[in-house]
Amino acid sequence: MTAPDPVPPRPRPGRGRRVLLIAGVIGGVLLILLATLYLNRRAATRQILIGWLEQQGIEADMRVERLELDGLVASVRIGDSENPDVIVERVEVDYAIGAPWSKGGLGVTPTRIRLVRPVVRASVRNGELTFGSLDPLVERFTGRPPRPDSRGPLVLVERARVRLDTDYGPIAILGDARIDDGKLMRLTARMPATAFRSGDVEARGLQATIDLTTTGDRVALRLVAAAERASAPGFGGDQPRLNLTGDLPYPDLTARRGEGRARIDLRLAAARVAAADASARDADLHLTFDGQTTGWIETFRIEGVAAADVRAARIDSPDASAATPRLRMTGERTVLARDPAGLNWRMSGPAVLTAARASGAGLDGVGINLGSSGMAVGGRGAAMEAEGPLVLSAERLNWSDLSLAGVRGETDFDLVSDGGLRITATGGLNAARGAWPLFGAPGGDDVPELAGMKRALSAFALQAPGFELTTGHSGTRLVLTRPVTVRPANGGVLTLDPAATPIFAAARGQAGGGALSLTASRGQGLPEAAFAVPAWRLTPSGFTATLDGRAALDFGLARGITLRTRGELTSSAGRLTYAAAGCMPLTVERLELDENDVVDIAGDICPVARPLVSIADGRWRAEGAMRGLEAAAPFLALQFRDVDGGFTATGGPAGLGLDARVAGARVEDATTPLRFHPLTASGSARLADEDWTGAFDLSRNGTVLGRMTLAHDGPAGEGGLTIDAP
């Protein structure tokens with residue numbers, strides 16, 4: 001029996017066909033999944049993105065409006081739904097999907113991101129910026145270095161709002177921005193009027209705008225800010241306004257460097273500025289700079305050429321004031337730097353300071369101009385210093401009743417401000433014209449010598465070739481290093497020599513005073529004199545000075561007067577008085593009475609209850625007592641000795657006047673042989689309207705023997721003494 005032929009086995013599919021079959025199955029599944037994902041792309045995309053954020057610990061929500069293979073449109077919320085950190089009304093993202101075999105591998109690369117009406121909530125506390133729930137994400141991406149072969153997307157931000165909470169209160173910032181490849185290309189932002197307050201720091205109605213444009217590696221910047229009121233400890237300002245424009249290098253945010261040329265134009269103005277005890281009204285600062293910058297925010301250096309123009313309508317402080325002051329500095333070599341020790345700055349170059357009027361330390365100036373060919377100004381923190389040569393000119397300088405015009409001077413100047421202000425100036429000063437009307441204006445009825453004194457004090461030139469001036473928080477001090485000379489226009493020289501103590505010193509808030517010595521050579525208006533002034537001081541209405549010295553002069557009828565005195569000279573409210581400390585020796589060569597001259601007068605003049613001399617309103621008065629006076633009357637051949645009594649002398653527009661009261665005097669015959677034995681005289685004499693009158697009783701041992709009568713007509717030059725005996 002023959003076996004049947006076996007059934008041939010079914011051939012197995014080949015390996016290649018199996019792979020194709022598996023690939024087909026996988027492909028079918030992927031197609032189904034892709035179709036499903038595409039049909040549910042919005043929900044899938046939302047789930048992927050929101051899930052990823054939740055894995056980072058960030059609560060978020062997203063609504064996808066449109067999703068395509070090359071982009072999406074959505075709205076996003078990040079943070080607590082009740083108080084989100086970020087809300088973006090519309091997000092548009094254009095992207096490219098990379099193939100697995102591409103250089104970047106499989107992935108999504110955004111090329112354009114547009115954010116419409118985003119709202120971001122952030123805070124700055126103790127100098128630290130935080131974004132709430134976004135902080136972990138910000139740290140993750142900012143801590144990762146950028147890929148060198150990747151390019152950042154174009155980011156467009158439109159109608160953004162930032163709500164910033166600070167230690168000083170909330171801030172709202174509105175703006176638009178354009179960022180390309182991580183580089184800020186355009187920014188416009190504004191801060192609506194806001195009120196700030198934290199402790200002693202306050203700003204009311206603060207608002208600002210900023211406009212920034214980047215071209216290549218340069219940034220054009222414009223910043224405008226203003227406030228109704230701003231204040232900080234030791235500082236305050238009303239209606240401050242800031243305008244800043246700049247052409248700056250674009251900073252390298254990766255290397256944290258900002259290097260390149262920087263040009264800045266800054267203007268800062270305020271209706272009123274107050275710092276410490278000083279205040280300025282209608283203040284304005286204009287600063288320009290062109291230079292180089294290096295470093296970063298923590299440590300940087302800015303160096304170049306600057307110009308500054310600072311002005312104000314008025315500056316006032318307890319110690320000084322100025323009207324329309326202005327400081328101009330041009331071509332200044334400027335350095336602004338920050339190091340671990342803090343902020344420091346320095347400017348050096350020409351400077352000019354002007355003021356229509358300035359006052360301080362009892363000095364008042366008009367038409368002030370201070371110039372320097374090389375002033376150096378610098379500071380660190382709140383401290384500053386200025387030093388350099390100064391050339392001074394002034395239309396007029398007034399100090400109490402002293403007025404100087406056509407003033408010119410040169411000094412080495414140093415100013416330091418480190419919690420208090422200190423100024424030191426060393427140099428010299430000249431004045432073409434000066435006036436110190438101690439005796440009033442010249443009058444037509446003045447005796448020639450008094451008129452000459454008044455003219456000398458109303459027109460003179462002053463030279464002060466050496467002085468040291470120091471003024472500051474503790475007070476003011478003026479020291480003469482060389483004598484001062486005063487040259488009246490009508491002749492003579494008055495020299496002021498330095499004493500052991502300053503010529504002027506004043507504690508803060510006090511009037512002050514000083515010491516000096518003076519000598520005078522005779523001229524038409526100056527006597528020959530030498531006086532020490534060991535102490536003088538300013539008073540609310542003038543000054544008072546202690547005098548100790550001698551003088552020689554002619555005055556009216558009295559020729560060849562010499563005297564020595566010590567006492568107090570006081571000027572108060574236009575009245576000048578001299579109170580002698582004691583009797584002063586006096587000699588007079590002669591009293592000119594034409595043919596009836598009285599000569600060789602000598603004795604002591606002593607003070608009484610009133611000042612010895614007083615001058616006011618163009619009139620003068622001298623009143624005192626005579627002690628041990630001697631005189632001779634050659635025309636009568638009489639000698640007067642031991643004259644005691646009192647006198648009152650006056651002068652003014654009505655002429656000279658004299659009332660002499662003689663309580664007792666010894667009258668001796670000067671002829672040989674004697675006409676009579678010594679007699680005692682008592683009585684009075686008077687000068688009025690240039691006429692002399694008088695009467696004296698002559699007695700011996702208490703018995704009246706006769707009467708001596710004085711009658712002299714000054715204008716006519718007639719008259720004399722007559723003696724009548726019973």
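Structure: above.
A brief look at the structure comes next.

Quick look at the pairing of strand β8 (residues 183–198)
The pairing of strand β7 (residues 169–180) with β8 spans seven bridges and is antiparallel. Note that in β8 the partner of L174 across the bridge is R190. Where β7 folds back on β8, the antiparallel hairpin that results is connected by two residues, among which D181 adopts a positive phi of roughly 55°. Note: β8 against strand β9 (residues 201–215), 10 bridges, orientation antiparallel. Residue pairing in the sheet places F196 in a bridge with A203 of β9. Hairpin connection from β8 to β9: two residues lie between these consecutive antiparallel strands, with G199 at a positive phi of about 65°.

Quick word on the pattern of salt bridges
Taken as a whole, this structure holds 40 salt bridges when the rule is applied. Here E158 ties to R114 by a salt bridge, and the two come within 2.9 Å at their closest N and O atoms. Here R114 lies in strand β4 (residues 107–125) and E158 lies in strand β6 (residues 154–166), a separation of 44 residues in the sequence. By relative accessible area, which is 22% here, E158 ends up partly exposed. For R326, the salt bridge goes to D309, with nearest N and O atoms at 2.7 Å. In this pair, R326 is assigned in strand β19 (residues 326–339) and D309 in strand β16 (residues 300–311), connecting sequence segments 17 residues apart. In this structure D309 comes out as buried when scored by relative accessible area, which is 15%.

Here's the deal with the state of the cysteines
Put plainly, a disulfide is one covalent bond tying together the sulfur atoms of two cysteines. Under the criterion given, the structure shown has one disulfide. Between the sulfur atoms of C583 and its disulfide mate C606 the distance is 1.8 Å. Since a negative S-S torsion denotes a left-handed disulfide, the C583-C606 link at about 110° is right-handed. Residue C583 is located in the loop between β34 (575–580) and β35 (584–591), and its partner C606 is located in strand β36 (residues 598–606); the two are separated by 23 residues in the primary sequence. Judged by relative accessible area, C583 falls into the partly exposed class, the value being 47%.

Calculation rules
Residues numbered from 1 in each chain as written. Predicted model: local features only at pLDDT ≥ 70, side-chain atom pairs only at ≥ 80, totals over all residues. Heavy atoms only, no water. Pairing = 2+ DSSP bridges. Helix = DSSP H or I, 4+ residues; strand = E, 2+ residues; numbered from the N terminus. Salt bridge = Lys/Arg side-chain N within 4 Å of Asp/Glu carboxyl O. Buried < 20%, exposed > 50% of the residue type's maximum accessible area, 1.4 Å probe, protein only. Disulfide = S-S within 2.5 Å.

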